[in-house]
Structure formats: C-alpha cells, structure tokens
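Chain and residue survey
Chain by chain, the residues:
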Amino acid sequence: MDKFVIQGGQPLVGEILIGGAKNSALPALAACLLTKEQVTLQRIPRVRDIRTMEKLLMYTGATVSVTGTQVNVRAENLEKAEAPYDLVKTMRASSLVLGPLVARTGRARVSMPGGCAIGARPVNLHVSALEKLGAEIRLEEGYISAEAPSGLKGAHVVFDRITVTGTEDILMAATLAQGETLIENAAREPEVQDLAALLIKMGARIEGVGTSTIRVQGVSELHGTRHAIIPDRIEAGTFLIAGAMTQGELTLQGCAPEHLDALIAKMRQAGATIESGPQSIRVTASGKMRSVDITTEEYPGFATDLQAQFMAMLTEAAGIGFVTETIFENRFMHAPELARMGANIRVEGRQAIVAGVPRLTGAQVIASDLRASASLVLAALVAKGETIIDRVYHIDRGYEKIEAKLAQAGARIRRVS
Ligand code: EPU
C-alpha cells in the first residue's frame, strides 16, 4: 500500500493546472448508457473512481476507449443491465447507472452500496423517485432490482432532501421517460448542471437547470455527442486552501472561480488575498490565517467536500473556529488524525471546535476517506518535520497526481510503496 512522505514548511509557489471534475465525470460516463451512439467525453480525470466507472460500463457491454483524458463510450448493445457488488463496494457512485439502465433497457440490477466512512449514505431517495417514474423495485440479496418493461413514465418527483447523485440519477432516467417529469427540491450543484448540459447535447429536453425545479420532457431516444467536463472545484479548492495555509503565492489555471464563491468568501475573511480571472485564481497570504466559522450546505453553500481541508487550515489559524457539518453524519474522521499532529479539535456531534495552535508537528497518520486524506496532506505541508500518510489509495480515488502537482509548486512530498 502506498504512503506519502511529506516534509512540512515549504510555501507553495507557482502554478497548478486543475483537471476535470470527478463528480461531473462520473454521471457523464453513466449518461453514455442512455444512447446506442458514441459519446466522446473530454477532460476526464484519470483517477481510480473513474476507472471503476469505466469497468462498470464495460461490464454492461459498452465499449470504452481512453486516450489521455478523452474517453469514448459506445453502449450499442447492453448485455447485462447490472452493477455487481465487487465494483459497487469500491465506489458508491455506481448507483448512478441505475436510472440510465432502467430507462434504456427497462430493467436494472444494481448492488446496494453499503455504508462508508462518512456515513450510512442510503439510496432510498433514488429508489423512491424511480418508483414514481413507474419502475417496480425489489430489494433482494443485496441488490436493487428495477423493472419497467413498458418504459418509464414522467411523474412529479419531490425529493425529501437534496441529493446530488439522486437528482442526477432521476434526471437521466427522465430523459427517456414518456411525458413530462417535474423534479422538485433538486440539487443545484455545478456537476448537476454539467450533466444536464451533456444530456441536452444528446437531445434531451430539460429546463430549469441550476434551480431547484427541473422540468424534463421525455424523448424516445438520445444520440451521441462530444462534451468537455467542467473543472474540478474541489481539487481547485483544496489547492487554494493549501496555497493560503503555506503562506504561498499560487495560481490555479484551468479552473472555474464562479463555482468557488462560498470558499473564496471564507478564505478572504480568514486573511488570504484572492484574485480571480476568467479561468484562474491566484491566492497569496503573507501571514497566519485568522479563524473563521463554516457550516457545510448544499450548493451554493460551503461544500462538504472542502470541510476537512478547511479544518486543516484552521488548526494553525489564530483564534477559534467552529466547523458545522450538516450534509453527512460522520465526516470528522480527519479530526483525530489531525490531533495526532498536534491540532486542538473538540468534536461535539455535528460540530468541531478548532483552536489554532502555533504549529503542527509531523506524525504518522492514516487516511480514512478521500477528502479526509487531502486534509492530512495539507496539514503535513505546514507541520514541522516529517509526516507519513498511510492508505493514500483513498486520495487516489479522486485526486489526479496530487503529489506531482504539489511538488511542482515546491512541496516536499513523495510517494513510497
Ligand atoms: N441521502 C439519503 N438518501 C439518499 C441519498 C442521499 O438519505 O437516497 C442523504 C445522504 O446520506 C447525505 C445527504 O442525503 O446525508 C446528501 O447526500 P447526496 O446524495 O447529495 O450525496 P451523494 O450524491 O452520494 C455527492 C458527491 C459527494 C458529495 C455529496 C454532497 C458524487 C459522486 N459524490 O454524493 O462527493 O460529498 O454529493 O455534496 O457526486 C467526494 O467527492 O468526496 C464525495 C463524497
């Protein structure tokens, strides 16, 4: 198992190029199942979750060819409308194939994802929305079996709570349903908007994208297209925080600053100087950050996927910061690991109280999930001495060559097997 060995204390200086968004690429790949024709996706990050999704598409009978960050998918004949446990257990986003498979083939069998480090993460909202569209669903032997032999039918779906992949799953299913589907309390994340942009290019009729009410007029078939995925706002946000906490001068290229408004506002409040261009962000910080409070929310609020990294920054900030997590019930796994590096964090239910310390110290720590691992990398960049982070396969699920990108900006980080 790979580890990262990091020597802290080096400011990040220079430029980093941001890749395509993992959480946009995953539903985009699943959407390729909706048509017999070839779909070409560009700027697909080469991370582990994407490879898992590609395997899943191939398992169903689609052909997938990868050239650099371009992926061609042709799902002409779908032999198996199924997502087996072995693939689903490593990536919960596999449930994204449920909607497309049942819409295209009239049936789907998708292994139920178990819980994961950040919470129980059920898929009940995906299931009940598909039932509204007329799918008959049975839960058996750990699988969700959905059947709609005479096709899905448009319906009025009101999500009990906002769900990103749930909205995406139903949006995809609704494109091929008969008649109109109205989705209320829909997620407004840029990744949902990007998926809708792709579906519209494929011939789908969708209105209200980016609002919490999405209207879809079903069509009888979709066609092939080309689409470039949006930049990864979480990768960009992670490096933005890293640039500020190391008191560096870092420019992120190829990103979408408009997707990072909530983070940028908090970073400025904490004392960072941030200038954004059309596709770039420059962050500088000449002194210690000041503590500020954050509460995670659905988009356009502060992203839960940046909470751990922001907490890493607060560990050395001046003052006390309150971090409130409202999206997932157990997303503070990084707190005890940060504490091993000298951080002063008290977790009380959904809130973590972080009192800044003068300096973290290097230690041996363990990555527990994707974003928690990123927070440990950031903490290691400012800690005194050496930090060894174990189980970095978690970080490889969602960050493309993170060690190479950081090293290019001056970080002393290496991967050891
Ligand atoms: N929820 C339910 N029932 C459902 C679906 C969700 O109770 O059927 C709950 C969840 O347990 C959670 C909340 O609703 O408490 C919101 O979850 P959501 O469904 O929005 O999360 P997700 O779609 O499973 C996506 C991202 C996550 C990101 C969340 C929140 C992808 C592939 N994953 O997950 O990304 O944290 O939205 O923004 O898009 C990551 O990249 O590290 C990551 C975890």
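No experiment lies behind these values; they were computed from the predicted model shown. (Residues numbered from 1 in each chain as written. Predicted model: local features only at pLDDT ≥ 70, side-chain atom pairs only at ≥ 80, totals over all residues. Heavy atoms only, no water.)

So, about the overall build of the chain. Summing up its helical and strand segments, the chain has 14 helices and 24 strands in all. Taking 417 residues into account, the globule formula puts the C-alpha radius of gyration at 22 Å, and the chain, at 21 Å, falls close to it. Over its C-alpha atoms, taken along the principal directions, the chain stretches across nearly 65 × 45 × 40 Å. Taking all 417 residues of the chain together, 58% fall into the buried category. Across the chain, contacts joining residues at least 24 apart in sequence account for 73% of those joining residues at least 6 apart. Total accessible area on the chain stands at roughly 15,900 Å², and carbon and sulfur atoms take up 47% of it. Taken together, the 45 basic and 45 acidic charged side chains of the chain have centroids lying 4 Å from each other. (Helix = DSSP H or I, 4+ residues; strand = E, 2+ residues; numbered from the N terminus. Rg over C-alpha atoms; globule rule 2.2 N^0.38 Å. Buried < 20%, exposed > 50% of the residue type's maximum accessible area, 1.4 Å probe, protein only. Contact = heavy atoms within 4.5 Å. Areas by Shrake-Rupley, 256 points an atom, 1.4 Å probe, with all protein chains shown as cover. Lys, Arg positive; Asp, Glu negative; His and termini not counted. Charge placed at Lys NZ, Arg CZ, Asp CG, Glu CD.)

Once that is clear, we can look at the pattern of salt bridges. The full count for this structure, using the stated rule, is 17 salt bridges. Ionic pairing is found between D305 and R331, a salt bridge with its closest N-O pair at 2.7 Å. Taken together, the positions of D305 in the loop between β18 (294-295) and α10 (307-314) and R331 in the loop between β19 (320-324) and α11 (334-340) put the pair 26 residues apart, joining distant regions of the chain. By relative accessible area, which is 15% here, D305 ends up buried. Its relative accessible area of 8% is what places R331 among the buried residues. (Salt bridge = Lys/Arg side-chain N within 4 Å of Asp/Glu carboxyl O.)

Right, let's get into the site of the ligand. Close to the ligand lie 23 residues; N124, T163, T165, D305 and I327 are nearest. Between the ligand and the protein, one listed contact pairs an oxygen atom with a side-chain N or O atom of K22 at 3.1 Å. At 3.0 Å, a side-chain N or O of N23 approaches an oxygen atom of the ligand. Of all the secondary structure elements, the ones that give two or more residues to the shell around the ligand are α1 (22-31), α5 (124-132), α6 (164-175) and α12 (370-382). (Near = heavy atom within 4 Å. Polar contact = N/O pair within 3.5 Å; in protein donor to acceptor, adjacent residues only side chain to side chain.)

Attention now moves to the packing of aromatic side chains. Counted under the stated rule, the structure contains one aromatic pair. Summarising the aromatic geometry, the rings of F302 and F310 are spaced 5.4 Å apart at their centres and angled 80 degrees between planes, so their arrangement reads as edge-to-face. F302 sits in the buried class, given a relative accessible area of 5%. Geometry around Y59 places K80 over its ring, the cationic atom sitting 4.1 Å from the centre. (Phe/Tyr/Trp six-rings, centres within 6.5 Å; stacked < 30°, edge-to-face > 60°. Lys NZ or Arg CZ within 6 Å of the ring centre and 35° of its normal.)

Compared with the 18 Å implied by 1.5 Å per residue over 13 residues, the 18 Å span of helix α8 (residues 233-245) between its first and last C-alpha is a close match. The element α8 is extensively covered by neighbouring structure, given that 13 of its 13 residues are classed as buried. Where α8 begins, the capping side chain belongs to D232, and its oxygen is found 2.9 Å from the backbone nitrogen of I234. At the C-terminal side of α8, Q247 shows a positive phi close to 55 degrees. (Expected span 1.5 Å × (residues − 1).)

Judged by pairing direction, the sheet is mixed, and its four strands sit side by side in the order β10-β11-β13-β12 without closing on themselves. The strands lining the two open edges of the sheet, one partner per strand, are β10 (156-158) and β12 (205-207). Taking the axes of each pair of neighbouring strands and ignoring which way they run, one obtains an average angle of 15 degrees across the sheet. Where strand β11 (residues 180-184) and strand β13 (residues 213-217) come together, five bridges link them in antiparallel fashion. Residue pairing across strands places I183 opposite I214, the latter belonging to β13. (Pairing = 2+ DSSP bridges. Axes fitted to C-alpha atoms, helices over the stretch in contact; angles between N-to-C directions.)

Okay, the side chain of E168 next. Here E168 is to be found in helix α6. R233 is the oppositely charged side chain nearest to the buried, salt-bridge-free E168, at an N-O distance of 8.3 Å.

With that settled, consider unusual backbone geometry. Y299 connects to P300 through a cis peptide bond whose omega is 10 degrees. Residue position: P300 is located in the loop between β18 and α10. With a phi angle near 60 degrees, R43 is a residue other than glycine that sits in the positive phi range. Tracing the sequence through the fold places R43 in the loop between β3 (38-42) and α2 (48-60). Within the chain, R391 stands out as a residue other than glycine whose phi angle is a positive 60 degrees.

Once that is clear, we can look at the sheet that holds strand β8 (residues 136-140). Taken together, four strands build an open sheet; the order of strands is β6-β7-β9-β8 and the sheet is mixed. Edge positions in the sheet fall to β6 (82-83) and β8, since each of these pairs with one other strand and no more. Examined bridge by bridge, β8 and strand β9 (residues 143-147) share five bridges and lie antiparallel to one another. Bridging across to β9, E136 finds its partner in E147. Where helix α4 (residues 98-105) meets the sheet, it contacts β6, β7 (107-111) and β9, and its direction lies at approximately 160 degrees from that of β7.

Below, the discussion takes up the nonpolar core. In this structure, L34, M53, V97, L130, L152, L171 and L199 are the most contacted members of the largest nonpolar core, which totals 77 residues. When residues of this core are assigned to their parent elements, the largest contribution, six residues, is made by α1. When neighbours within four sequence positions are excluded, L34 is seen to be in contact with P100, A103, R104, M172, T175, L176, L199, M202 and L222. F4, V283, M311 and A379 belong to the second largest nonpolar core, which has 71 residues in total. (Core = buried A, V, L, I, M, F, W, Y, C linked by side-chain atoms within 4.5 Å.)

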